[in-house]
Amino acid sequence: MADYILALDQGTTSSRAIVFDHNGQIVALAQQEFPQRYPQPGWVEHNPAQIWETQYAVAQQVLKKAQITAGDVAAIGITNQRETTVIWDRETGEPIHNAIVWQDRRTARFCDQLKAEGFDRIIREKTGLVTDAYFSGTKVTWLLDNVPGARAKAERGRLAFGTIDSYLIWKLTEGALHITDISNASRTMLYDIHKNWWSTTITKRLDIPQSILPQVVPSSMVYRETAAALFGTPITLAGIAGDQQAATFGQVCFEPGMAKNTYGTGCFLLLNTGSKTVESHNNLLTTAAWKLENGPEQYALEGSIFIAGAAIQWLRDELQIIKDASETQALAEQLDSNEGVYLVPAFVGLGAPYWDQYARGTIVGLTRGAGRAHIARAALESIAYQTRDVAAAMQADSGLDLQTLRVDGGAVRNDFLMQFQADILGVPVQRPAVTETTALGAAYLAGLATGFWSSQAEIAAQWRVERTFEPRMSADQRDQLYAGWQRAVERAKGWAQD
């Protein structure tokens, strides 16, 4: 048997490839950033060609770094930024437009129209999602309506829609497969998570021909091999999951009640609810988690925070008050407290539990003595406050008290943030030894399908804690700081509304 699994982790700001060994340890990693495009305020796009080029390049690089060949790889698992929408021509393989990114707000008014009709209740009932520009469905409608000739081509069966996983698999198989897994399908606002098929009621209202939709498959099974020319030897494609569901699997949150939070561009807290969907009454999402080939569909409650690590990127790229994300910890630790300064990073609206498409970024509490340390600290704290917002909603929905929080993603290397997260939640935060759990989850899904790992129990035995952050803050101080955050959020709400 081949000795390695290759995970392709296509994220919002970079494409990554990681080789894992049988112990779930990283052998090699390669990463390339690619440009973000902002054609208008509130619009965010990616060039699909750059997504593919960077993902293919890092896949080749990581094999060289690991000093292995395609023949040493048992399978490829794919994980991806979710909701980001690509439509391409089935005959030429060329995208008809840039990808519309999950952060994009251009369809907010269409979502308002759907809500005014009461159609949002149908969407919620069938998909488990709130009606928001975040999801793929209204993006598809926009592309069909605004790209010249697109709708006519779609009606003739010439076009294919996919989230990024579908697009990568199309490229990896040179057009032989047009598929998506259950976790990605459940994020489109078009998929009935109870009946497990595309909802004709929703596609009809959004005027989306069913012929452009991918086939929905389990998250773990052998799909096909890659085209031989890509890596010299074909490699089995055997795992797909949206990034947050993959991270939940990588954190081995296999049992109902287990939760993880991923700190990436956004922040995503998922609670495993087992083989049953749990309806949210607190503005969370009911989402498909994963499906193994011969197992039942698994579900989760999710709180989606749009801006987390992206706020730190904003400090670096737009404000230019830091050169590297790692500087924020030292800046934050220069202060004994936030001194009343709060940053609400609602650059693209607010996600769970507010779902305010018109909220905008706000800094409050500034005095003449406030400087870059205050803003850096406020940006870090905002990530933890938003997580508490979601955790409180999750506990109310599920009736389960959060005992510990497993964390992953790039920002978990920041000890200040992790300690503050434990403090503001009042529960221990566990950072695993392998923090690349999104890619690891995709690797595990591919490995289970190919027999590289024998069972979920074998995988669960590999999970290790690197450090536990215990809460140190008094309940009074915690509540006082959080009350200030809630006041700041009120100032940010509805700002861009006419």
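These notes cover the structure that comes with them.

Details of the overall build of the protein chain
- The helix and strand tally for the protein chain stands at 17 helices and 23 strands.
- Seen along its three principal axes, the alpha-carbon backbone of the protein chain occupies a region of about 60 × 50 × 45 Å.
- Put simply, the protein chain has 498 residues, and 63% of those count as buried.
- When contacts within the protein chain are restricted to residue pairs at least 6 apart in sequence, those whose partners lie at least 24 apart make up 73%.
- Total accessible area on the protein chain stands at roughly 18300 Å², and carbon and sulfur atoms take up 46% of it.
- Of the charged side chains in the protein chain, 44 are positive and 54 negative, and the gap between their average positions amounts to 3 Å.

Let's talk about the side chain of Thr-131
- Counting through the fold element by element, Thr-131 comes out in the loop between helix H3 (119-127) and helix H4 (136-146).
- When near neighbours in sequence (up to four residues on either side) are disregarded, Thr-131 contacts Cys-111, Leu-114, Lys-115, Asp-120, Ile-123 and Met-189.

As for the environment of Leu-269
- Relative to the helices and strands, Leu-269 resides in strand E16 (residues 267-274).
- Classification of Leu-269 as buried rests on a relative accessible area of 2%.
- Apart from residues lying up to four places away in sequence, Leu-269 is in contact with Lys-260, Asn-261, Leu-301, Glu-302, Gly-303, Thr-387, Val-390, Ala-391, Met-394 and Leu-405.

Looking at the sheet that holds E16
- The mixed open sheet is built from seven strands, whose spatial order is E17-E18-E16-E15-E21-E22-E23. Two strands lie at the open edges of the sheet, namely strand E17 (285-290) and strand E23 (465-469), each paired on one side alone. On average, each strand axis in the sheet is inclined to that of its neighbour by 30 degrees, with strand direction left out of account.
- Bridge count for E17 against strand E18 (residues 298-305) is five bridges, and the pairing is antiparallel. By the bridge assignment for E18, Thr-287 is matched with Ala-300.

Notes on the packing of aromatic side chains
- Under the defined criterion, the tally for this structure stands at 24 aromatic pairs.
- Taken together, the ring pairs connect Trp-102, Tyr-134, Phe-135, Phe-268, Phe-306 and Trp-355 into an aromatic cluster.
- Of note, Arg-106 hangs over the ring of Trp-43, and the distance from its end group to the ring centre comes to 3.8 Å.
- One residue, Arg-388, lies across the ring of Tyr-482, its end atom 4.0 Å from the ring centre.

Observations concerning the state of the cysteines
- On inspection of all chains with the given rule, the structure shows zero disulfides.
- We note that Cys-253 lacks a disulfide partner, and the nearest cysteine sulfur, in Cys-267, lies 14 Å from it.

What about helix H2 (residues 108-117)?
- For H2, every residue scored as buried is listed here: Ala-108, Phe-110, Cys-111 and Leu-114. An end-on view of H2 places all buried positions within 160 degrees of arc, on one side of the element. Away from its buried face, by an angle of more than 90 degrees, H2 presents the exposed residues Arg-109 and Ala-116.
- Looking at the buried side of H2, the elements it contacts are H3, H4 and helix H8 (200-205).
- Phi for Gly-118, located one or two positions after H2, is positive at around 85 degrees.

Details of the pattern of salt bridges
- Using the criterion set out here, one finds 24 salt bridges in the structure.
- Between Lys-153 and Asp-89 there is a salt bridge, with its nearest N and O atoms 3.4 Å apart. Here Lys-153, found in helix H5 (residues 150-155), pairs with Asp-89, found in strand E6 (residues 86-89); they are 64 residues apart in sequence, far enough to count as distant.
- Assessed through its relative accessible area of 3%, Asp-89 is described here as buried.
- The salt bridge partner of Lys-493 is Glu-490, with a shortest N-O separation of 2.9 Å.
- The exposure class of Lys-493 is partly exposed, given its relative accessible area of 31%.
- A cluster of three or more residues bridged by salt bridges with shared partners is formed by Arg-82, Glu-83, Arg-187, Asp-243 and Glu-302.

Notes on the environment of Leu-8
- Relative to the elements of secondary structure, Leu-8 occurs in strand E1 (residues 4-10).
- For Leu-8, a relative accessible area of 2% puts it in the buried group.
- Through-space distance from the C-alpha of Leu-8 to that of Asp-72 is 16 Å; in sequence the pair is 64 residues apart.

Focus on H3
- For H3, the set of buried residues is Phe-119, Ile-123, Lys-126 and Thr-127. Projection of H3 onto a plane perpendicular to its axis shows the buried side chains occupying an angular sector of 80 degrees, all on one side. Among the exposed residues of H3, those oriented more than 90 degrees off its buried face are Arg-121 and Glu-125.
- At the C-terminal side of H3, Gly-128 shows a positive phi close to 80 degrees.

Thoughts on the nonpolar core
- Counting 133 residues, the largest nonpolar core has Ile-212 and Tyr-263 as its most contacted members.
- The contact partners of Ile-212, leaving out residues within four places of it in the chain, are Arg-90, Val-140, Leu-144, Ala-154, Leu-159, Ala-160, Phe-161 and His-178.
- Judged by nonpolar contacts, the second largest core, of 41 residues, contains Val-73, Ala-99, Ala-227 and Leu-237.

A short note on the pairing of strand E5 (residues 73-80)
- Of all eight residues making up E5, eight are buried, and the element is well covered by its neighbours.
- The sheet contact formed by E1 and E5 spans seven bridges and is parallel. Residue pairing for E5: Ala-7 is matched across the bridge by Gly-77.
- Inspection of the sheet shows E5 paired to strand E14 (residues 236-242) by five bridges, in the parallel sense. Bridge pairing in E14 places Ile-78 opposite Ile-240.

Here is what the cut-offs are and how they apply
Residues numbered from 1 in each chain as written. Predicted model: local features only at pLDDT ≥ 70, side-chain atom pairs only at ≥ 80, totals over all residues. Heavy atoms only, no water. Helix = DSSP H or I, 4+ residues; strand = E, 2+ residues; numbered from the N terminus. Buried < 20%, exposed > 50% of the residue type's maximum accessible area, 1.4 Å probe, protein only. Contact = heavy atoms within 4.5 Å. Areas by Shrake-Rupley, 256 points an atom, 1.4 Å probe, with all protein chains shown as cover. Lys, Arg positive; Asp, Glu negative; His and termini not counted. Charge placed at Lys NZ, Arg CZ, Asp CG, Glu CD. Pairing = 2+ DSSP bridges. Axes fitted to C-alpha atoms, helices over the stretch in contact; angles between N-to-C directions. Phe/Tyr/Trp six-rings, centres within 6.5 Å; stacked < 30°, edge-to-face > 60°. Lys NZ or Arg CZ within 6 Å of the ring centre and 35° of its normal. Disulfide = S-S within 2.5 Å. Arc of directions from axis to C-beta. Salt bridge = Lys/Arg side-chain N within 4 Å of Asp/Glu carboxyl O. Core = buried A, V, L, I, M, F, W, Y, C linked by side-chain atoms within 4.5 Å.

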